[in-house]
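Chain and residue survey
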Amino acid sequence: MGKKIAKTTAARILDKENVPYDIIHYDIEDGLVDGVSVAAKIGHPEKVVYKTLVAAGTSKQHYVFVIPVAEELNLKAAAKAAGEKKVEMAPVKEILTLTGYVKGGCSPVGMKKPFPTFIARQAEMQEEIIVSAGKIGMQIKLDPVNLLKVTDGQYANLTVKDD
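Let us look at the structure shown here. What you see is a predicted model, and the numbers here were worked out from it, not measured in a lab.

Taken as a whole, the largest pocket encloses approximately 470 Å³ of empty space. Residue lining of the largest pocket: 23 residues in total, with Lys51, Thr52, Leu53, Lys103 and Gly104 positioned closest to the centre. Of all elements in the fold, only α2 (35–42), β2 (50–57) and α4 (92–99) reach the threshold of two or more residues within the lining of the largest pocket. A breakdown of the residues in the lining of the largest pocket according to their chemical character gives 14 nonpolar, six polar and three charged. Lining the second largest pocket we find 15 residues, and of these Pro108, Pro114, Phe115, Val150 and Thr151 sit closest to its centre.

Pasting the structure below:
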C-alpha cells in the first residue's frame, strides 16, 4: 500500500455531492506545472484539460472562468458572460486570499466563497474534463455537467477562439 493521499476540499465536496470523479496525480519535481505541461504529463489532450482563472469586474465582483489550458481568456467575452462592462484578471498575489487555493492549484470547486462560475462552451462537447483538484500535482476528471452543478456554473463563450 502506498501512502494515503489526503483529500482536497474539492474532492471532499464532490464526495458530499455524490459526484463521480477520478483523481489524477502528476509529478511536480521538474517545476512544469502550467496547464499545457500538465496535460502532457497526464497523457490527456489539451482540449479536455481546463484551467481555472479568477477575474474581477468593474463592479468589484469576482468571477471564475474555466477554459481549456491551451486557450486564452477573451476578457471582452468574459465580461459579456458576467454582465460586466469590463473584467480584469485578479492579481496573482490575491488568488490565495480570494479562493483558498494557490496559483497552479486553483480548483473551480470548493473556493473559500462561491463566485459566479463560467465554463467554456467547448466543455459541452466533452464527456469528461479535467480541472485542478485544488493542489498542485493533483487533477480531477469529471463530467462537465457535474462541474456545472457543483459550481452552480454556466456555459459561456470565453476564449479568443470563440470570436
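The phi torsion at Asn18 lies on the positive side, around 55°, for a residue other than glycine. Judged by its relative accessible area of 69%, Asn18 is exposed. Despite not being glycine, Lys60 shows a phi value in the positive range, around 80°.

Taking burial as the measure, the seven residues of strand β6 (residues 129–135) include six buried ones, the bulk of the element. Alignment of β6 against strand β7 (residues 138–142), held across five bridges, turns out to be antiparallel. Bridge pairing in β7 links Ile130 to Lys141. Following β6, the chain reverses through two residues before pairing antiparallel with β7; Gly137 in that reversal takes a positive phi of roughly 100°.

Calculation criteria
- Here the residue index of a chain counts from 1 through its sequence in written order.
- Per-residue local features are limited, in this predicted model, to residues with pLDDT of at least 70; the limit for side-chain atom pairs, both in listing and counting, is 80 or more; totals at the level of whole chains, interfaces and linings are taken over all residues.
- Heavy atoms from the whole structure form the basis of all side-chain values; hydrogens and water molecules are not counted.
- Using a grid of 1 Å spacing that covers the protein atoms alone, one calls a set of points a cavity when a 1.4 Å probe fits there but cannot get out, and a pocket when the set is open and has protein on both sides within 12 Å along at least five of seven lines; lining residues are those with an atom within 4 Å of a point.
- Grid points are joined across faces, edges and corners, and a volume is the space filled by probe spheres set on the points.
- Only runs of H or I of at least four residues qualify as helices and only runs of E of at least two qualify as strands under DSSP, and these elements are numbered from the N terminus.
- Under the scheme applied here, ten amino acids are nonpolar (Ala, Val, Leu, Ile, Met, Phe, Trp, Tyr, Cys and Pro), four are charged (Asp, Glu, Lys and Arg), and all others, including Gly, are polar.
- Each residue is placed in one exposure class: buried if its accessible area under a 1.4 Å probe, protein chains only, is under 20% of its type's maximum, exposed if it is over 50%, and partly exposed if it falls in between.
- At least two bridges found by DSSP between two strands is the condition for calling them paired.

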